[in-house]
Each structure stands twice: as structure tokens, then as C-alpha cells.
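Structural overview
Here are the chains, one letter per residue:
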Amino acid sequence: MILPSFKLKIVLLNVLLSGFLLLGFGLFFIQMSYRIGIDRTDRELRALVEGEMQKNQPPNHWIRFDAALENLYGDTGSKQFLMNVIDYRNKSLFQSKQWDDFIGEAVIPYPPVVEPVDGEITDPAFTMRTVKRPRPLLHVSEPVFSTVGEWRIMTIRNPEITLALGISLGPLDMEIARARTTLMLTVPVALLLTIGVGWLLAQTALRPVNTIARTAQKVSALNLAERIPLTKADIEFRQLIKIINDMLDRLQSSFQQATRFSADAAHELKTPLTILSGELEAALQSAPDGSEDQQTYKNSLDEVQRLKSIIRKLLLFSQADSGKLPLYMEPLDLTELIRSTCGDIHLLNPEIKVEVDLQDGIEVNGDADLLSQVIQNLAGNAVKFSRGVSPITIVLRQDGDQVVFEISNRGVTIPDADRDKIFERFYRTDKARSRVIDGAGLGLSLAREIVQAHGGQLVLTDSSNSLTTFRLTLRCTGLPA
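The sections below set out a description of the structure shown in this document. (Residues numbered from 1 in each chain as written. Predicted model: local features only at pLDDT ≥ 70, side-chain atom pairs only at ≥ 80, totals over all residues. Heavy atoms only, no water.)

1. Thoughts on the overall build of the chain
From N to C terminus, the chain includes 10 helices and 12 strands. Sorting the 481 residues of the chain into buried and exposed places 38% on the buried side. Relative to all contacts within the chain whose residues are 6 or more apart in sequence, the contacts with residues 24 or more apart total 66%. (Helix = DSSP H or I, 4+ residues; strand = E, 2+ residues; numbered from the N terminus. Buried < 20%, exposed > 50% of the residue type's maximum accessible area, 1.4 Å probe, protein only. Contact = heavy atoms within 4.5 Å.)

Below is the structure:
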């Protein structure tokens, strides 16, 4: 299962929030633009007729008013109007030609009827007579606005007439459509920019985390002195970096103490074990042949030799852990080194068959004693775990600039649960640690340390169908003859 990176989560969250904000702002902007456009239209309609409605107008006035609108804006100009005028007796005084076509059966709200106020003259005939005193202004109702189709209609009354004036919302709709199109084009571009900016911001914000990760990758048993620099760290990360550096200080101190203890203990035990081994060998030689004392001395000497082998390996481990494994590098013929080891297999078990396929003349740079120990360990394991089942197969070949050594044995296979642990120190597949198959669980781990010190690899390639194969790879320094 592939988990998304934290950086990607930050960018996606940023894009999601920005997208919602941009979309919400865009919709709010379009809605407010429409409302502002409607308010502007309403004010324009009111300004056109409010002054006209305050006066007594002759019956043919609204015909001239409609013609004036048409002359001013044009019949197909940027603004189109329609109008309907009826008197207080509900008799039509004027109706524009677009009224029936665009309004149809639509229900238009009207303001309440306006009753004459004292002093107002509502007789139309009055407007036809010439009088010397000024005409009083008529009381005008508050206009009522409604939207019918693509028209904005205003209805307004005075005691004499009821007027409905409409203006086309086509220009406003086109303006809103342009704003909507601009929003649809702008939002994706803004989101792309947000992704780029968010990625850069996430990269900058996580730079201390990347520094911590790179430092942690460098930390190993051979490089415990690595520390995370505090010079460019943000204040939020300084406490974390300080805690990690303090932890590395404690780990380095503890590891150095453990390494020194292993080395010192190995050195201290070497001398008494050597003395004990010599005394047991002398006692073994002086004991009567076939006696119980001789068998006891022999068994004790075997155990001492086993302890000496473990101590020698622990000493090598302590040197490898501290990066001070002594390597006496020299050109050596790996083919001959392996060929001599094949003879040791026959000494371990003369009855087992060995199939050998060695490419002649393969040379490597290495420590002959340590590499010989690696090959002997692999060969010894092959003999022990074969349980006498033949054959043991040994192959040495050159693959480009790599030397590949493989050794396979039949018999006991390594369980799946143990395959990732067989190179751990003191790990044995025999959980009871019986002596049926001798060993301390250090051979493979030490062999891998030696191979890695030579810049190579030692891996378990297969352990199935009663066949177990180990592969060792090193850099080749010479071409085969």
C-alpha cells in the first residue's frame, strides 16, 4: 500500500480550501453583481417616470414618451423598453407593441390604488384647458418591481393612471454571463498557481524535516557522530532537533561503551582460555588411552575451542562496529582460495559429494584470511545443514565487473519466518539451541560484516524445495585468463 506524502496532503488541503474560497467568492461576486445591476435598473426605471407621474398628463403624452425612449435608445439598441398605461377607469391609454409579445399571461404585481388628495385635479379635461395658476403635483405610490422572463417591470400609480414600464435585462444577463465565463477560466488557473505555490511553501516548510531525515540516514554504527545542524532551523523545529541530537549523543555514548566492553572482554578472556586450552591438551596427552579422564579432557577441550572461536568472532564484531576491522588488502586469486576450501568439505564429511564450477583466474582485492573465513563458514554451514544429502554445489563466475560466488546445499531449508533474521547475531533457527547442529549463531552475521567491509554483499537467494542458496558478490579487479 502506497501512502501519500505529508507534503502532498498539505498541497491537496491547500488546493481544496483555496478552491472552495475562490468558488464561494466567485458565486458571491456574481450574485452581488446581479443584485447591483437590478438595483441600478430599478433606479433608472424610477427616474424615467417618477417625474412624469407627478403631473396631469394629456392622453397622448405616453405615445410621445414611448417615441422619446425609442429615439433615445433605439428599438434594437443597448436598452429596450416596453410600456402599458391604463387610467383610473381601467381603460387602456397606451400599450407598446412589445407588451403582448413579451408579457403574455404573466402576472404582474401592482401597487395599491391611490386615492386623490385634497387639491388634486383628476379630471383629464383639466389638462386640456389653459389655466393661469400652477398645476398641483399628484400623489404617486411607491413603485413595485418584478422580473418577468428577461424583463424588469416597474408598476406605479397616481390617482389618474397606472403605468407599467419594463426594461430588457439582456445587457445585464450578458454582463453576468461574461463574469461567469471569466470565473470558470480564472478558477482553474488560480488553482494551478495554488498547487505550484503550495508545493513550494510545503517544500520550504518541510526543509527542516528533510534535513532531519538526511541526517538520520547517515547515522550508522560507523557514523554515530552525525548531528542535525541548528543554524538554519526554525524556532518550531529547534526543540525537536535538540531532542534528537541529545538522543544521538546518548546512543553514541552507549554504543561506544558496549563496543569497548566487547573488545575488552574478548581480550581479557583470550589469555585464560589459551592457558586452559594448553593445560587440557597436556592432560589429554597424559591420560590413559580410552579412559574416562581422556574423554572428559577431550570434551572440555572442545568446549574451550568453541569459546575461543566465539571470543574471536566477538572481537571481530567489536572492531567492525567501531569501523576498525583490520583489513590487509592485497590482490588474491579467489578461484584458488575457493578450490582449497572444497578440500575442507571432504574433511568435514567425506561421504558428501561436491559439484564445483569455478571460473579460472578471477582476482579480487581483499584480506585473504578474512575472506577465507567467510567461505569456510558458508561451506561449513552447507555441510551441517545438508544432513548428508548430496550434492553441495559451488559456482564462481564473473558477471561484468562483479564476482559472483554461490553455494547451495540440499537438506534442511530455512523457514520463511527466519529468512530475514538469519544474519542477526546469536540468531539460530533451532530455538532450543540444541547441539544437533553445532553453532553459536555468529557465523553468518560475521561473514556479512566481513563482506560488507570489502564493499560486497552476502544474501540468501533461495531456500525452498530442499535447496538453500547463498550468494556472495565482490568487485573484480582482474580479467579471467
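2. Some words on the packing of helix 4 (residues 170–205) against helix 5 (residues 207–218)
Remark: helix 4 packs on helix 5, axes separated minimally by 4 Å, with the N-to-C direction vectors making an angle of 50 degrees. When the axes of helix 4 and helix 5 are compared, the pair comes out oblique. Seen from helix 4, the contacting residues are Q203, T204 and A205; seen from helix 5, they are R207, P208 and N210. Considered class by class, the residues forming the contact of helix 4 with helix 5 number 2 nonpolar, 3 polar and 1 charged. (Axes fitted to C-alpha atoms, helices over the stretch in contact; angles between N-to-C directions. Parallel < 35°, antiparallel > 145°, perpendicular 65-115°, else oblique. Nonpolar A, V, L, I, M, F, W, Y, C, P; charged D, E, K, R; others polar.)

3. Digging into the packing of aromatic side chains
Counted by the stated rule, this structure contains 3 aromatic pairs. Plain terms: the ring middles of F25 and F29 are 6.4 Å apart, the flat faces sit at 25 degrees to each other, and that makes the pair stacked. Note that F25 and F29 are positioned in helix 1 (residues 6–53) at a spacing of 4 residues, about one turn of the helix. Overall, F25 belongs to the exposed group, its relative accessible area being 56%. A residue is classified by how much of its surface remains accessible, and F29, at 42% relative accessible area, is partly exposed. (Phe/Tyr/Trp six-rings, centres within 6.5 Å; stacked < 30°, edge-to-face > 60°.)

4. Some thoughts on the nonpolar core
Counting 39 residues, the largest nonpolar core has L334, L378, I394, F405, I407 and F470 as the members making the most contacts within it. Among the secondary structure elements, those contributing two or more residues to this core are helix 8 (334–348), helix 9 (368–386), strand 9 (392–399), strand 10 (402–410), helix 10 (443–453), strand 11 (457–464) and strand 12 (467–475). It is helix 9 that contributes the most residues to this core, 8 residues altogether. Counting residues in each nonpolar core, the second largest holds 17 residues, with L45, L69, F94 and V140 among its members. (Core = buried A, V, L, I, M, F, W, Y, C linked by side-chain atoms within 4.5 Å.)

5. Brief notes about the sheet that holds strand 10
Read across the sheet, 5 strands follow the order 7-9-10-12-11 without closing on themselves; strand pairing throughout is mixed. Pairing within the sheet leaves two strands with one partner each, and these edge strands are strand 7 (354–358) and strand 11. Taking each pair of neighbouring strands and ignoring which way they run, the sheet shows an average axis angle of 15 degrees. Relative to strand 10, strand 9 runs antiparallel, the two sharing 7 bridges. The residue bridging R397 from the neighbouring strand is V404, located in strand 10. Along the sheet, helix 8 contacts strand 7, strand 9 and strand 10; its crossing angle with strand 9, the most-contacted strand, is approximately 175 degrees. (Pairing = 2+ DSSP bridges.)

6. Focus on the packing of helix 1 against helix 2 (residues 61–73)
Put simply, helix 1 and helix 2 touch, their axes get as near as 13 Å, and they point 150 degrees apart. Between helix 1 and helix 2, the angle is such that the two are roughly antiparallel. Helix 1 and helix 2 meet at a crossing whose hand is right-handed. Here helix 1 contributes E44, L48, V49, E52 and M53 to the contact with helix 2, which in turn contributes H61, W62, F65, L69 and Y73. (Left-handed = near helix turned anticlockwise from the far one by under 90°.)

7. Re the side chain of E406
Position of E406 among the secondary structure elements: in strand 10. A residue is classified by how much of its surface remains accessible, and E406, at 16% relative accessible area, is buried. Separated by 2.7 Å, the side chains of E406 and R471 make a polar contact. When residues no more than four places from it in sequence are discounted, the contact partners of E406 are T393, I394, V395, R397, T469, F470 and R471. (Polar contact = N/O pair within 3.5 Å; in protein donor to acceptor, adjacent residues only side chain to side chain.)

8. Section: the environment of S146
Along the polypeptide, S146 turns up in strand 3 (residues 144–148). For the pair S146 and G166, spaced 20 residues apart in sequence, the C-alpha separation works out to 9.3 Å. Look past the residues within four positions of S146 in its chain and what remains in contact with it is I108, P109, W151, R152 and I153.

9. Comments concerning unusual backbone geometry
With a phi angle near 65 degrees, N90 is a residue other than glycine that sits in the positive phi range. Positionally, N90 belongs in the loop between strand 1 (81–87) and strand 2 (92–95).

10. Topic: helix 10
For helix 10, the full list of buried residues reads G443, L444, S445, L446, A447, I450 and V451. A positive backbone phi angle near 80 degrees is found at G455, which sits one or two residues after helix 10.

11. Let's talk about the pattern of salt bridges
For the structure on display, the rule yields 10 salt bridges. Among the salt bridges present, the one from R339 reaches E336, with a minimum N-O distance of 2.6 Å. Note that R339 and E336 are positioned in helix 8 at a spacing of 3 residues, about one turn of the helix. R339 sits in the partly exposed class, given a relative accessible area of 34%. Residue D401 is joined to R475 by a salt bridge in which the shortest nitrogen-to-oxygen separation is 3.3 Å. Of the two residues, D401 sits in the loop between strand 9 and strand 10 while R475 sits in strand 12, which places them 74 residues apart along the sequence. Assessed through its relative accessible area of 39%, D401 is described here as partly exposed. (Salt bridge = Lys/Arg side-chain N within 4 Å of Asp/Glu carboxyl O.)

12. Digging into the sheet that holds strand 2
Within the open sheet, the 5 strands sit side by side as 2-1-5-4-3. Their pairing is antiparallel. The strands lining the two open edges of the sheet, one partner per strand, are strand 2 and strand 3. Across this sheet, the average inter-strand angle for adjacent strands is 15 degrees, counted without regard to direction. Examined bridge by bridge, strand 1 and strand 2 share 3 bridges and lie antiparallel to one another. Across the sheet, residue N84 finds its bridge partner in strand 2, namely Q95. In the packing of helix 2 onto the sheet, the strands contacted are strand 1, strand 2 and strand 5 (161–168), and the crossing angle to strand 1 comes to about 170 degrees.

13. What about the pairing of strand 10?
Taken across its 9 residues, strand 10 has 7 buried, putting it largely inside the fold. Hairpin connection of strand 9 to strand 10: 2 residues between the antiparallel strands, including G400 at a positive phi of 70 degrees. Note that strand 10 and strand 12 share 9 bridges and pair antiparallel. Bridging from a neighbouring strand, R410 pairs with L467 of strand 12.

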